[in-house]
Amino acid sequence: MTQITTRSYPASRQQTLCEQGIHPLMARLYAARGIDNAGDVDYALKGLLPYHSMKNILAMAARLADAISQRQRMLVVADYDADGATACTVAVKGLAAMGGVIDFIVPNRFEYGYGLTPEIVALAAHSQPDIILTVDNGIASVAGVEAAKTLGIEVLITDHHLPGDTLPDALIVNPNQAGCDFPSKNLAGVGVMFYVLMALRAELRQRGHFAANPEPNLGELLDIVALGTVADVVRLDRNNRILVDNGLRRMRAGRMAPGIAALFRVAGRAAHKANTFDLGFTLGPRLNAAGRLDDMSLGIACLLASSEDEAMRLAQELDRLNRERRQIEHGMQDEALAALTAIDADKRYTLALYRDDWHQGVVGIVASRLKEKYHRPTIVFAPGDEGEIKGSGRSIPGFHLRDALDLVYKRHPGMILKFGGHAMAAGLTIAEQALSTFQQAFEDVAQGLMDESALTRTLETDGSLSARELNLPTAETLAAEVWGQGFAPPTFQDRFQVISQRMVGDKHLKLRLAKDGVQCDGMIFNRTDWLPDEIHAVYQLAANEWQGRKELQIYLQHVAP
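1. Quick look at the overall build of the chain
Move 1: Helix and strand counts for the chain stand at 18 helices and 17 strands.
Move 2: A compact globule built from 561 residues should have a C-alpha radius of gyration of about 24 Å, and the chain, at 24 Å, falls within 12% of that.
Move 3: The C-alpha extent of the chain, read off along each of the three principal axes, is 75 × 60 × 50 Å.
Move 4: Across the 561 residues that make up the chain, the buried fraction comes to 53%.
Move 5: Across the chain, every contact between residues at least 6 apart in sequence was considered, and the portion connecting residues at least 24 apart equals 67%.
Move 6: Only carbon and sulfur atoms are counted for the fraction: they give 47% of the accessible area of the chain, which is about 24200 Å².

This is the structure we're talking about:
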């Protein structure tokens, strides 16, 4: 069942925004997202929150400055997703530009698992680093830090994940650690590393380092920061929107890294129209495909590539891996749906599925697809180490997945071997023989934490558009804003007449729609049955460009007679 609601907001808030010069439609959309001052949608870089209040950042800047001046060898240990890849790229580029001796490794997820494990430390030791710098991981790496200390390697941690009860014995920069007064807790791993570089540059300035060395323009890294921020689906508060907006501006102006430009080209997307959809659903998945199926070193190499030819060669390989990932995903999804025919999903609060031939690198995506279809917290498992299975979960609003796994962990000691994550996504490892016990325990926790009403999907909309607003300029105005997690893209609901409809690509409907005499094209994906003559639709606007022509197109997300 789907419930459609309209976002509410005080009329006075919209009026204030209009009086401050905001377009009336945008004022309405901003007001519904809690914006009450035009300054909150001013994305000039000067509006970034200052770094000084981030716990330990000044100490880390001083330590990195010492390492640069002493020519100490630094090794970045990165996570294997898009945030980890972009954070690693920003660290390597930024530290090298300031004179650092820097290299990186990224663990193969199938061999080493997640984070700075003792096994990764042993691998890193072959490079004989003086310092290991973690990006987008490390906050839970107690054993890894101890292993590094034993080998005489210092560890510096930059992360954004929620800390556990015990912290590693290392210098940590993480806005989510206790005692950190940095106002935004929503930075991605790449955002944290960018802030560390800002603090480091200021420290080096104070030391006179740039009297004899060129001072880097950190703004040149913002295209990479924007990609990682959007791809990691962190909340786009104002601070993150400033980072993303400035990164998108670099892309649209053609001032992006060769690797970013190459990813746009292999995806068939126009960089001069770059938006958050491109980053989250086009570039991000191609970058993530390396970590899911192969080795994220490939993705980092693409982002670090200095020539267009090298970047294109690597981007094409990432594109190939992404096509392979999609094939694996579709096969797993079909198998999961077939398995669910034996289960009455409507009578369950959760889904937890496993097959011994599923691919560990794709379980998160399949979990996300099943969660969208059934609107249930979903965990999909694949084989891990001998006798173990590894799961990736996705949740729905109102159900904090990591907290739920913590409850299962406490109620059934020893069943969950390890776990981590946050409200909407988490991962865990259990013994294969414990699967049925876990499925019931997870279901019991969900039934205790959730009301049945939470299992009804709610589509929030921004109400209706008038016929005069249903045009290309409106779509282009909307496309220029930074929409995403926590700052939802505008979605509208209206009644339409269906003038014509035809099937395209064997599984999508191409439509001609009319509202109050105004006609426009529409698309509804993955639907093969015909629509009635009149529909009530939830939709988004897009400025579609085809063969040099721009026109309005609306994408229908939900239809009813």
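2. Some points on the pairing of strand β7 (residues 351-354)
Move 1: Burial along β7 is two-sided: the face carrying L351 and L353 and the face carrying A352 and Y354 are both buried.
Move 2: Two elements, β7 and strand β8 (residues 378-383), share four bridges in a ladder whose sense is parallel. Opposite L351, over in β8, you have T378 as the bridge partner.
Move 3: Read as a crossover between parallel neighbours, the route from β7 over helix α15 (residues 363-374) to β8 is right-handed.

3. Points about the sheet that holds strand β10 (residues 416-421)
Move 1: Overall, mixed pairing links the five strands, which are arranged β7-β8-β9-β11-β10 in an open sheet. The open sheet has two free edges, formed respectively by β7 and β10, since each of these has just one partner strand. Neighbour-to-neighbour, the strand axes of the sheet open up by a mean angle of 15°, direction not taken into account.
Move 2: When β8 meets strand β9 (residues 388-394), the two strands line up antiparallel, connected through six bridges. Among the inter-strand pairings, A382 is bridged to a residue of β9, identified as K390.
Move 3: Sheet contacts for helix α16 (residues 401-411): β8, β9, β10 and β11 (425-431); angle to β10, the most-contacted strand, approximately 160°.

4. A closer look at the packing of helix α9 (residues 222-231) against helix α10 (residues 238-252)
Move 1: Contact geometry for α9 and α10: axes closest at 7 Å, N-to-C directions at 125°. Between α9 and α10, the crossing angle belongs to the class labelled oblique. Here the hand of the crossing between α9 and α10 comes out left-handed. Residues L222, D223, V225, A226, T229 and V230 of α9 touch α10, and the partners they reach there are N240, L243, V244, N246, G247, L248, R250 and M251.
Move 2: For the contact of α9 with α10, a count of residues per class yields eight nonpolar, four polar and two charged.

5. Digging into the environment of V190
Move 1: With respect to the helices and strands, the residue V190 is situated in helix α8 (residues 189-206).
Move 2: Along the primary structure V190 and L17 are separated by 173 residues, whereas in three dimensions their C-alpha atoms are 32 Å apart.

6. Re the packing of α9 against helix α12 (residues 276-293)
In helix packing, the relevant descriptors are the interaxial angle and the interaxial distance, both defined with respect to the helix axes.
Move 1: Look at α9 against α12: their axes get within 9 Å of each other, and the N-to-C directions meet at 90°. The orientation of α9 with respect to α12, classified from their angle, is roughly perpendicular. Only T276, L279, G280, L283, G284 and L287 of α12 make contact with α9, whose side of the interface consists of A226, L227, V230 and A231.
Move 2: Taken together, the residues of the contact of α9 with α12 sort by class into seven nonpolar, three polar and no charged.

7. Describing the state of the cysteines
Move 1: Counted by the stated rule, this structure contains zero disulfides.
Move 2: Unpaired in terms of disulfides, C88 finds its nearest cysteine sulfur in C302, a separation of 13 Å.
Move 3: We classify C88 as buried; its relative accessible area is 0%.

8. A few points about the side chain of K510
Move 1: Assignment of secondary structure puts K510 in strand β14 (residues 508-515).
Move 2: Despite being buried, K510 has no salt bridge partner; D521 is the closest side chain of opposite charge, sitting 4.2 Å away.
Move 3: For K510, the side chain forms a polar contact with the side chain of Q553, separated by 2.9 Å.
Move 4: Once you skip the residues sitting within four places of it in the chain, K510 turns out to touch S500, Q501, R502, V504, D521, G522, M523 and Q553.

9. Digging into the environment of R313
Move 1: Here R313 shows up in helix α14 (residues 308-340).
Move 2: As a C-alpha pair, R313 and V266 span 47 residues in sequence and 10.0 Å in three-dimensional space.

10. What about unusual backbone geometry?
Move 1: Residues other than glycine seldom take positive phi values, yet Q128 does so here, at roughly 55°.
Move 2: Assignment of secondary structure puts Q128 in the loop between α6 (118-125) and β4 (131-135).
Move 3: Since its relative accessible area comes to 54%, Q128 is described here as exposed.
Move 4: Phi is positive for V233, which is not a glycine, with a value near 55°.
Move 5: The residue V233 is located in the loop between α9 and α10 in this model.
Move 6: Judged by its relative accessible area of 51%, V233 is exposed.

The rules behind each value
- Residues numbered from 1 in each chain as written.
- Predicted model: local features only at pLDDT ≥ 70, side-chain atom pairs only at ≥ 80, totals over all residues.
- Heavy atoms only, no water.
- Helix = DSSP H or I, 4+ residues; strand = E, 2+ residues; numbered from the N terminus.
- Rg over C-alpha atoms; globule rule 2.2 N^0.38 Å.
- Buried < 20%, exposed > 50% of the residue type's maximum accessible area, 1.4 Å probe, protein only.
- Contact = heavy atoms within 4.5 Å.
- Areas by Shrake-Rupley, 256 points an atom, 1.4 Å probe, with all protein chains shown as cover.
- Pairing = 2+ DSSP bridges.
- Right-handed = clockwise from strand over helix to strand, strands pointing away.
- Axes fitted to C-alpha atoms, helices over the stretch in contact; angles between N-to-C directions.
- Parallel < 35°, antiparallel > 145°, perpendicular 65-115°, else oblique.
- Left-handed = near helix turned anticlockwise from the far one by under 90°.
- Nonpolar A, V, L, I, M, F, W, Y, C, P; charged D, E, K, R; others polar.
- Disulfide = S-S within 2.5 Å.
- Lys, Arg positive; Asp, Glu negative; His and termini not counted.
- Salt bridge = Lys/Arg side-chain N within 4 Å of Asp/Glu carboxyl O.
- Polar contact = N/O pair within 3.5 Å; in protein donor to acceptor, adjacent residues only side chain to side chain.

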